[in-house]
Amino acid sequence: MKKRRNYEPELRDQILRLHLEEGRTQSSLTKEYGLGQGTLSYWLKQHRKECQSNPQLKEQTDAYEENKRLRQELAEKEKEIAFLKKAAAFFAKEIE
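Residues numbered from 1 in each chain as written. Predicted model: local features only at pLDDT ≥ 70, side-chain atom pairs only at ≥ 80, totals over all residues. Heavy atoms only, no water.

1. Re the overall build of the chain
Check the secondary structure of the chain and you find 4 helices and 0 strands. Taken from N to C terminus, the helices and strands of the chain fall in the order α-α-α-α. Relative to the 2.2 N^0.38 estimate, which gives 12 Å for 96 residues, the radius of gyration of the chain is 20 Å and therefore markedly larger than a compact globule would have. Projecting the C-alpha coordinates of the chain onto the three principal axes gives extents of approximately 75 × 35 × 15 Å. Sorting the 96 residues of the chain into buried and exposed places 20% on the buried side. (Helix = DSSP H or I, 4+ residues; strand = E, 2+ residues; numbered from the N terminus. Rg over C-alpha atoms; globule rule 2.2 N^0.38 Å. Buried < 20%, exposed > 50% of the residue type's maximum accessible area, 1.4 Å probe, protein only.)

Encoded structure:
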C-alpha cells in the first residue's frame, strides 16, 4: 500500500507558482522537490477546479500566466537585440 505524503500548503503554492509563472516543467519540479508521481498533476487539476469557483484565485493565476508570457517575450527581444548588436558591429567593421 502506498503511503501518502502530506505537503505544506505553502510548498504546494510555491511549486504551483514556479510552474504557472516561471514555466518550470512538471518533471523538473517533481525531481527537485522529491514529489511523488502524479502529485503535481493532481495539484494542477485541483488548482484549475478552484479557479472556476474562486475569481480571486483565477485572477492571480491569470497574472502568473501573463508574467510568464511577458518573461518569454522579453527573453526573445533580448536575443534579437544581442543579434542586432553583433550585426551592427560586423557591418561597422565592413565599412571601415
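Having seen the model, we can carry on.
2. Quick look at the side chain of Thr61
By the element assignment, Thr61 lies in helix H4 (residues 55–95). Of note is the side chain of Thr61, whose polar atom sits 2.7 Å from the side chain of His47. Ignoring sequence-local partners within four residues, the contact set of Thr61 consists of Leu20, His47 and Cys51. (Polar contact = N/O pair within 3.5 Å; in protein donor to acceptor, adjacent residues only side chain to side chain. Contact = heavy atoms within 4.5 Å.)

3. Considering the packing of aromatic side chains
Under the criterion given, the structure shown has 2 aromatic pairs. Ring centres 5.3 Å apart and planes at 75° place the aromatic pair Phe90 and Phe91 in the edge-to-face group. The class of Phe90 is partly exposed, set by a relative accessible area of 46%. (Phe/Tyr/Trp six-rings, centres within 6.5 Å; stacked < 30°, edge-to-face > 60°.)

4. Section: the packing of helix H1 (residues 9–20) against helix H2 (residues 26–33)
Running from N to C, H1 and H2 point in directions that differ by 145°, and their axes come no closer than 10 Å. Relative to H2, H1 is oriented so that their crossing is right-handed. Across the interface between the two elements, Leu11, Gln14, Ile15, Leu18 and His19 of H1 pack against Gln26, Leu29 and Tyr33 of H2. For the contact of H1 with H2, the class distribution of residues is 5 nonpolar, 3 polar and no charged. (Axes fitted to C-alpha atoms, helices over the stretch in contact; angles between N-to-C directions. Left-handed = near helix turned anticlockwise from the far one by under 90°. Nonpolar A, V, L, I, M, F, W, Y, C, P; charged D, E, K, R; others polar.)

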